[in-house]
Amino acid sequence: MKDAKCKSKEAEIKRINKELANIRSKFKGDKALDGYSKKKYVCKLLFIFLLGHDIDFGHMEAVNLLSSNKYTEKQIGYLFISVLVNSNSDLIRLINNAIKNDLASRNPTFMNLALHCIANVGSREMAEAFAADVPRILVAGDTMDSVKQSAALCLLRLNRTSPDLVPMGEWTARVVHLLNDQHLGVVTAATSLITTLAQKNPDDFKTSVSLAVARLSRIVTSASTDLQDYTYYFVAAPWLSVKLLRLLQCYPPPEDAAIRGRLTECLETILNKAQEPPKSKKVQHSNAKNAVLFEAISLIIHHDSEPTLLVRACNQLGQFLQHRETNLRYLALESMCTLASSEFSHEAVKTHIETVINALKTERDVSVRQRAVDLLYAMCDRSNAKQIVAEMLSYLETADYSIREEIVLKVAILAEKYAVDYTWYVDTILNLIRIAGDYVSEEVWYRVIQIVINRDDVQGYAAKTVFEALQAPACHENLVKVGGYILGEFGNLIAGDPRSSPLVQFNLLHSKFHLCSVPTRALLLSAYIKFINLFPEVKGTIQEVLRSDSQLRNADVELQQRAVEYLRLSCVASTDILATVLEEMPPFPERESSILAKLKRKKGPGTVPDIEENRKERNANVNGGPNHTSATSNAKASPPSFVGDLLAPAPPPTNRPRPVSSASFLQNPLTPLPPQAYAIPLAASAGTFYQQVAAPAAASSTDLLGLGSSTSLNSTPPAAAPPTAASLLVDVFSENSPPVSAPAHIAVPATAAPAADDNFSSITTKSFHVAESILADVQEPTDKFVCKNNGVLYENQLLQIGLKSEYRQNLGRMYVFFGNKTSTQFLNFASNVVCQDTLASQLNVHLKPVDPTVDGGAQLQQIINIECVSDFVEAPVLNIQFRYGGTLQNIAVKLPITLNKFFQPTEMMSQDFFQRWKQLSAPQQEVQKIFKAKHSMDTEVTKAKIIGFGVALLDGVDPNPSNFVGAGVIHTKTTQVGCLLRLEPNMQAQMYRLTLRTSRDTVSQRLCDLLSDQF
């Protein structure tokens, strides 16, 4: 079938069909086949199956081969059954009878074949039939060594597949003594079995410790010639050594002084051998030697009782930090992270700080760099905190996107944990926001506010520092949030300086207002009303802002309502009432840092080093094994995020206000709350004031993913509201967040139309009850995502789709979040991306698979990788399909992947710009469009949109200061296209003229169409 005659797939299929017909005729023929012929044809069927073709006959002939007394025939029969027979087959009873006959035959060859078949099939039926026979064979005194090996491994397989069917009896005590067997193959197989059993029932196998130490001692002290058959490249029995060391990690250090001393001697010998010159230059020698060494170090770390060994292990690992082999550097960093949590070896680990920092800067492999970050975090203490935080901040500027959020969390934790001077802490966090603002989660800036409010000695410095930071031309929105909150509370502490007078503070904050998302604007409005209480002299100015049409008639219900109520409050309330309602926030209760809790949740339980916690765990764990408690069992975040801080299940005291949640004000515009729900008692305290505004909105919000605003990363701290469906979901932008079930009382509006703020796709969904199917027609998208990367893409009564994306040159990554807004599971959930016509050759889009089930109230994340091959116009379509209540739902949404996403901004001087402008003067290279302004012609908003479009905004280049010019390069896989643009606004006529020049006419036209629709 594989000879030269089969030169194509069709020829092979033809040849196989011919052979199958011949075999079938032989099996059905009148003439009985002899054993050899039967074996030959069964073997051919097996080969055809391995080629990928279905086999639907021959099973009975294979079963008949099991009764043969010839080894080759029985072997083919067992092989065919192991590969092709299903555990539910009708032949299973016949097969079991044949296996029992072979197990009882006492022929070692046949017994081995039978045991191998049991292990290979490993079905529950096999376990029920032979779970009692295999242990008996294993511990029988007359069983041959080769059969004992097979029996031990067969029992291990059955224990893994059906542990409840493997009985624990008297054989468990006898199997331990196999560690003393003279045959090392039996010892190796028995050690694997005992290790698995000891992890589940440690008390039953305690006696294995002394036997394992004795056997290990004989191996490590023997010469390579003593164990000739089990010596691998001059290393004596490396596999058995590793298994014995792993078995010993199931138990605490031996209590018997003699056994403990002998084990210590073994470990010292292994460490000594690691220092000896290699006996061979081949990689197999070093691999075997290092495997034993790393397992020994793991045992030393696990026992954590011998300071000398711990320090020696640390020094040995330190030598590997500069090894040329990447895997060794990775393993060394990983092991040292654990060593750093030991009180005996922490100081020894710190001596390698310079080497680890160098690895962070020079290492090519991102996984090794991540382990270096973990080790720096683990070795940090008060003596080196400032150095380590500075190095992490320096690395953060060039760090891989995949680990930036984790580094941000660790820097924030270390800065808080080891801050002797809290002015340093404030400087560090503000620097963190400046360097990686997009990766600073809500927990980080919540924590800054908590600490500043709780510490009187840092409030003035914090106000001064954020005031100075906000003066930068471009600052991240998270910095605006922190600045608005701190100046609103403590701006009076710096108001005495004319350079930071009340009016200057207000103007500075208000200059950022139009560039921010809705939640941040809501927070700034709260800061303004606080200013009226702190600085009566700016009351008129602030009232004018609140009275303006852009506030009182704002399209966003939340901003409009705040403006109306704050304006009315400032007009009718007396000074005393204002002072009571808007008094300074009282201190927060001390709790575990929500940042640390988030890091634990992100990394998984037991992966964040903590010296005190590890000490308690080791003392409490009688078996010496890991016994980590849940990272979220008693952690409390303060304040909790809108999308659900699971770490703060208990509500705060009623007299303890929390920062206002602008995110919790996201309302469904089709279901407004009654006006009386927003009534504010004028005699209320500050906390009550904040909570009464926030609570009704939070209770009725249907924005489950917290993406109703332009970005939920920038939502403000929430008020203390009763837990809702929204408050039970985890952070939508956390990569590793697990789905969280929501309570069954989540309400699903029966007739609410699809609603999504900043919705890229204008999907028209037919009116329906939630039990009916969703039919979404894909229409041309709106342009809300052209100048931004985050937001809600689509929403209806059942599903909310949010996204967050990032791009670098011609590559992009999009995180799509599917939120189940109901209390019922979505089944058979699947999604795919369709690129129509020529788009398939212009854009490569790959989806990572997702779980087919989405629990009620839970969210699901899917990653989409994008590669721009050449310039394109159309957008790919995301198709989603799932079953809800037995009905198949289909949704099609256009993904907001546009050509400008692959811009790289380019800074240019005036002379260079106009020189390049003249070079691109061919008629086909220029596209110009004159159009009427659709939105307010605000200068700051225009700048923000041009920067969001992807080009560099060039100040001082155009002779007319009211014009905007920009430059950038579109990166594709095949080419790079330079682009220059010029936007000329005419305020009187409310018109724009947009001119684009690029080296490719199709690019000029597409970019012009995209950008002109934004103004």
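Predicted model only: the values in this text are computed from it and were never measured.

So, the overall build of the chain
When you go through the chain residue by residue, the secondary structure sums to 39 helices and 18 strands. In the chain, which comprises 1015 residues, the share counted as buried stands at 55%. Sequence separation of 24 or more characterises 70% of the internal contacts of the chain that already satisfy a separation of 6 or more. Here the chain displays about 43,800 Å² of accessible surface, and carbon together with sulfur accounts for 51% of that area.

A short note on the pattern of salt bridges
If you walk through the whole model with that rule in mind, you get 35 salt bridges. We note a salt bridge from Glu306 to Arg260, for which the minimum N-O separation is 3.9 Å. With Glu306 in the loop between helix 15 (283-303) and helix 16 (307-320) and Arg260 in helix 14 (residues 257-275), the pair connects residues that are 46 residues apart, well separated along the chain. A residue is classified by how much of its surface remains accessible, and Arg260, at 30% relative accessible area, is partly exposed.

Thoughts on the nonpolar core
Grouped together as the largest cluster of nonpolar side chains are 193 residues, with contacts concentrated most on Ile99, Val175 and Leu432. In terms of residue count, helix 23 (residues 422-436) provides more of this core than any other element does, ten residues in total. Residue contacts for Leu432: discarding those within four places in its chain leaves Leu393, Leu396, Val408, Val411, Ala412, Gly437, Val440 and Val444. By size, the runner-up hydrophobic cluster in this structure holds 59 residues, among which are Leu839, Val845, Ile970 and Cys1008.

A closer look at helix 6 (residues 108-121)
With 14 residues, helix 6 extends 20 Å from end C-alpha to end C-alpha; this agrees with the ideal 20 Å at 1.5 Å per step. Judged by how many residues are buried, helix 6 sits mostly within the fold: ten of 14 residues are covered. In this structure, the buried side of helix 6 is in contact with helix 4 (71-84), helix 5 (92-103), helix 7 (124-130), helix 8 (133-139) and helix 9 (145-161). Once helix 6 ends, the next one or two residues include Gly122, with phi positive near 60°.

Some thoughts on the packing of helix 12 (residues 208-220) against helix 13 (residues 238-248)
Interhelical geometry of helix 12 versus helix 13 gives an angle of 150° and a closest axis separation of 10 Å. Viewed along their axes, helix 12 and helix 13 adopt a mutual orientation that is roughly antiparallel. With respect to the hand of their crossing, helix 12 and helix 13 are arranged in left-handed fashion. Residue-level inspection shows Ser208, Val209, Ala212, Val213, Arg215, Leu216 and Ile219 of helix 12 in contact with helix 13, the latter providing Leu240, Ser241, Leu244, Leu245, Leu247 and Leu248. Split by residue class, the contact of helix 12 with helix 13 holds ten nonpolar, two polar and one charged.

Comments concerning the sheet that holds strand 9 (residues 843-847)
Reading across from one edge, 5-6-7-10-9 is the order of the five strands in this open sheet, with antiparallel pairing throughout. Of all the strands in the sheet, the pair left with one neighbour each is strand 5 (790-795) and strand 9. Strand-to-strand twist of the sheet, defined as the mean angle between neighbouring strand axes without regard to direction, takes the value 25°. Where strand 6 (residues 799-808) lies against strand 7 (residues 811-820), ten bridges are found, and the strand directions are antiparallel.

Focus: the packing of aromatic side chains
Per the counting criterion, the structure on display carries 22 aromatic pairs. Centre to centre, the rings of Phe826 and Phe882 are 4.2 Å apart; their planes meet at 25°, and the pair counts as stacked. Here Phe882 lies in strand 11 (residues 877-884) and Phe826 lies in the loop between strand 7 and strand 8 (827-834), a separation of 56 residues in the sequence. Relative accessible area serves as the criterion here: at 0%, Phe882 is assigned to the buried category. The interplanar angle of 50° and the centroid separation of 5.3 Å between the aromatic rings of Tyr992 and Phe1015 together place this pair among those described as tilted. Of the two residues, Tyr992 is situated in strand 18 (residues 991-998) and Phe1015 in the segment after helix 39 (1001-1012); the sequence distance between them amounts to 23 residues.

Overview of the side chain of Gln800
Along the polypeptide, Gln800 turns up in strand 6. Judged by relative accessible area, which is 0%, Gln800 ranks as buried. Among the polar contacts made by the side chain of Gln800, one reaches the side chain of Glu795 at a distance of 3.4 Å.

Here's the deal with the pairing of strand 6
Strand 6 sits mainly inside the fold: nine of its ten residues count as buried. Pairing of strand 5 with strand 6 involves five bridges; the strand directions are antiparallel. What sits directly across from Gly791, in strand 6, is Leu803. Linking strand 5 back to strand 6 in an antiparallel pair, the connection comprises three residues. The loop that links strand 6 with its antiparallel partner strand 7 comprises two residues; one of these, Gln809, has a positive phi angle of about 55°.

Concerning unusual backbone geometry
Despite not being glycine, Asp304 has its phi angle at roughly 50°, a positive value. Counting through the fold element by element, Asp304 comes out in the loop between helix 15 and helix 16. On the accessibility criterion, Asp304 (5% relative accessible area) is buried.

A closer look at a nonpolar patch on the surface
Among the surface-exposed residues, Leu50, Leu79 and Val83 lie close enough to one another that they form a single nonpolar patch of about 260 Å² accessible area. Considering the arrangement of structural elements, one finds Val83 in helix 4.

Thoughts on the sheet that holds strand 11
An order of 8-11-12 is seen for the three strands of this open sheet, with the pairing classed as antiparallel. In this open sheet, the two edge strands, each paired with only one partner strand, are strand 8 and strand 12 (887-894). Along the sheet, successive strands turn relative to each other by an average axial angle of 15°, direction set aside. Note that strand 8 and strand 11 share six bridges and pair antiparallel.

Observations regarding helix 21 (residues 385-396)
The end-to-end C-alpha distance of helix 21 is 16 Å, a good match for the 16 Å that twelve residues give at a rise of 1.5 Å each. Burial in helix 21 covers these residues: Ala385, Ile388, Val389, Glu391, Met392, Leu393, Tyr395 and Leu396. Where helix 21 is buried, its residues meet helix 19 (353-362), helix 20 (366-379), helix 22 (401-417) and helix 23.

With respect to the confidence of the model for the chain
Taken residue by residue, the chain gives an average pLDDT of 79. The fraction at 70 or more is 80%. By mean pLDDT, the top-scoring element of the chain is helix 13 (94), and the lowest-scoring one is strand 3 (residues 764-765) (31).

Some points on the environment of Ile864
Take Ile864: it is sitting in strand 10 (residues 859-868). On a C-alpha basis, the gap between Ile864 and Asn832 in space is 10.0 Å, while along the polypeptide they are 32 residues apart. Filtering out sequence-adjacent residues up to four positions away, Ile864 remains in contact with Gly812, Arg813, Met814, Val816, Val833, Val845, His846, Leu847 and Leu895.

Topic: the environment of Thr541
In this fold, Thr541 is placed in helix 29 (residues 539-547). C-alpha separation for the pair Thr541 and Leu503, spaced 38 residues apart in sequence, amounts to 8.5 Å. With sequence-adjacent residues up to four places away left out, Thr541 is seen in contact with Leu503 and Phe506.

Section: the packing of helix 20 against helix 22
Where helix 20 contacts helix 22, the axes come no closer than 11 Å and their chain directions differ by 10°. The orientation of helix 20 relative to helix 22 falls into the category roughly parallel. Where helix 20 approaches helix 22, its residues Gln370, Val373, Asp374 and Tyr377 are matched on the opposing element by Ile403, Glu406, Ile407, Lys410, Ile413 and Leu414. Residues of the contact of helix 20 with helix 22, tallied by class, amount to six nonpolar, one polar and three charged.

Criteria and cut-off values
Position numbers for residues start from 1 in each chain and track the written sequence from start to end. Residues qualify for local features only when their pLDDT is at least 70, as the model is predicted, and side-chain atom pairs are given and counted only at 80 or more; totals for whole chains, interfaces and linings, by contrast, use all residues. Only hydrogens and water are removed before side-chain values are computed, so all heavy atoms of the structure are retained for them. Under the scheme used here, helices are H or I runs from DSSP no shorter than 4 residues and strands are E runs no shorter than 2 residues, and both carry numbers assigned from the N terminus. To sort residues, take the accessible area from a 1.4 Å probe on protein chains only and compare it with the maximum for the residue type: under 20% means buried, over 50% means exposed, and anything in between is partly exposed. Contact between two residues is taken to exist if any of their heavy atoms lie within 4.5 Å; hydrogens are not considered. Accessible surface is estimated by sampling points in the Shrake-Rupley manner with a 1.4 Å probe; for residues, cover comes only from the protein chains shown. By definition here, a salt bridge exists when the distance from a side-chain nitrogen of Lys or Arg to a carboxyl oxygen of Asp or Glu is within 4 Å. Take the buried Ala, Val, Leu, Ile, Met, Phe, Trp, Tyr and Cys residues and link them wherever side-chain atoms come within 4.5 Å; each set so joined is a nonpolar core. Expected helix span is computed as 1.5 Å times (number of residues minus one). Axes here refer to lines fitted to C-alpha atoms; in helices the fit is confined to the stretch in contact. Angles between the N-to-C directions go from 0 to 180 degrees. Between 65 and 115 degrees an angle is taken as roughly perpendicular, under 35 as roughly parallel, over 145 as roughly antiparallel, and anywhere else as oblique. If you view the pair so one helix is near and one far, a crossing is left-handed when the near helix is turned anticlockwise from the far one by less than a right angle, and right-handed when it is turned clockwise. Each residue receives one of three labels: charged for Asp, Glu, Lys and Arg, nonpolar for Ala, Val, Leu, Ile, Met, Phe, Trp, Tyr, Cys and Pro, and polar for the others, Gly being one of them. Two strands are counted as paired when DSSP detects at least two bridges linking them. Here is the rule: rings of Phe, Tyr and Trp (six-membered ring for Trp) pair when centre to centre is within 6.5 Å. Planes less than 30 degrees apart are stacked, more than 60 are edge-to-face, and the remainder are tilted. Pairs of N or O atoms within 3.5 Å make up the polar contacts considered here, provided that, within protein, one atom can donate a hydrogen while the other can accept it, and that residues adjacent in sequence are counted only when both atoms are side-chain atoms. Surface patches are drawn from residues lacking salt bridges whose relative accessible area is over 30%; two like charges belong together within 9 Å, two nonpolar side chains (Val, Leu, Ile, Met, Phe, Trp, Tyr) within 5 Å. Confidence of the predictor at the level of single residues is given by pLDDT, which spans 0 to 100.

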